[in-house]
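Structural characterization, general
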Amino acid sequence: MSISSISEVEFGVDLPVFEPDTSLETASKFATLVGWGGARFTDHEAARKEGLPGAMVPGILSQGYLVAMIHNWAPSAEVKSIDTVFRAAVIADEKHQITGVVTDINEDDKLVEIDITVANEKGETRVFGTASVQIP
Amino acid sequence: MDQDIETLRDEYLNQDFDEKSFDIDPDTTIEYARLCGETANRFLDKNDPDFQASPTFIASLSGGRSLPKGFPRFGIGMDAGKGVECFSPIKPGQAILGRTHLHDIYTKTGRSGRMVFTVSRIEFFDQAGTHLANADSRIVMREKAK
């Protein structure tokens with residue numbers, strides 16, 4: 001269900017699960033776009049030589065997924081702040097899911113607080129954070 | 001709080017140590033938004049009346065340096081997280097100014113020893129001086145064993 005007004009938001013509700021495009025191709029294009037074209041974001045084999053389990057999705061791309069997930073749920077939401085903790089690497093070409101839950105609603109200021117998590121297929125949290133968004 | 005960290009806080013917090021101008025290119029912000037999975041026209045269509053960069057775009061902008069000159073290196077720095085505060089949308093096609101300061105220094109101690117966290121904040125302003133947004137970079141340094 002797409003949210004268009006704060007009156008439709010319920011405390012404790014789960015946002016629709018979002019499956020981001022964590023392909024190596026996307027991670028690689030993104031890293032190159034922002035000037036981080038190092039092998040750890042573009043090449044699994046080269047990343048393994050650096051001691052990583054595989055090429056990583058840049059942390060700021062994971063942050064971007066979180067905001068896209070919020071806009072997917074509430075298209076008119078304005079993100080006022082988002083704070084993310086990079087707990088472990090998001091490995092490219094592995095499936096991940098983003099989940100979110102509404103943890104606070106301030107109807108006076110039309111602000112909603114959402115806790116968000118990126119987890120891999122084993123259910124291990126890789127990135128988590130909190131966003132504050134304004135919804136008309 | 002540890003005395004050495006108190007001293008660093010007194011010496012370094014809230015003092016600008018870098019200033020840099022960034023040209024916000026519309027094609028770059030559109031591609032950034034697309035790769036993140038945004039679908040709204042306000043992020044993807046230059047002709048949308050509300051065209052703007054996606055809120056986290058500023059997290060990709062780096063200043064000339066991430067720590068002040070002379071700041072001690074406790075160990076290898078790792079990216080521990082990012083934060084963004086948005087006060088006004090970033091409109092592509094303009095130049096914005098970023099000023100960087102150290103916003104916080106703190107520690108956590110685990111079984112493997114002390115970890116030192118720094119939060120570098122870039123404050124972004126448009127050409128009229130309007131404060132548009134803040135981008136925080138949290139770096140963790142695991143202290144070398146003594």
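Residues numbered from 1 in each chain as written. Chains lettered and ligands numbered in written order. Predicted model: local features only at pLDDT ≥ 70, side-chain atom pairs only at ≥ 80, totals over all residues. Heavy atoms only, no water.

What to know about the environment of S21(B)
Residues and elements named next belong to chain B.
- Note on placement: S21 falls in strand β1 (residues 18-23).
- Between the C-alpha atoms of S21 and E38, which are 17 residues apart in sequence, the distance is 26 Å.
- Once you skip the residues sitting within four places of it in the chain, S21 turns out to touch A95, I96 and L97. (Helix = DSSP H or I, 4+ residues; strand = E, 2+ residues; numbered from the N terminus. Contact = heavy atoms within 4.5 Å.)

Considerations on a negative patch on the surface
- Residues E19(A), D93(A), E94(A) and E121(A) make up a contiguous surface patch of negative charge.
- Topologically, E94(A) is positioned in the loop between β1 (78-86) and β2 (96-106). (Patch = residues over 30% accessible without salt bridge, like charges linked within 9 Å, V, L, I, M, F, W, Y side chains within 5 Å. Areas by Shrake-Rupley, 256 points an atom, 1.4 Å probe, with all protein chains shown as cover. Salt bridge = Lys/Arg side-chain N within 4 Å of Asp/Glu carboxyl O. Lys, Arg positive; Asp, Glu negative; His and termini not counted. Charge placed at Lys NZ, Arg CZ, Asp CG, Glu CD.)

A look at the packing of helix α4 (residues 59-73) of chain A against helix α2 (residues 26-36) of chain B
- As a packed pair, α4(A) and α2(B) sit with axes 8 Å apart at the nearest point and diverge in direction by 75°. Here α4(A) is positioned roughly perpendicular relative to α2(B), judged by the angle of their axes. The residues of α2(B) that touch α4(A), namely those facing I60(A), L61(A), G64(A), Y65(A) and A68(A), are Y32(B), L35(B) and C36(B).
- Taken together, the residues that form the contact of α4(A) with α2(B) break down as seven nonpolar, one polar and no charged. (Axes fitted to C-alpha atoms, helices over the stretch in contact; angles between N-to-C directions. Parallel < 35°, antiparallel > 145°, perpendicular 65-115°, else oblique. Nonpolar A, V, L, I, M, F, W, Y, C, P; charged D, E, K, R; others polar.)

Observations concerning helix α1 (residues 24-33) of chain A
- Turning to α1(A), its buried residues number three or more, namely L24(A), T26(A), A27(A), S28(A), F30(A) and A31(A).
- At the C-terminal side of α1(A), G35(A) shows a positive phi close to 85°. (Buried < 20%, exposed > 50% of the residue type's maximum accessible area, 1.4 Å probe, protein only.)

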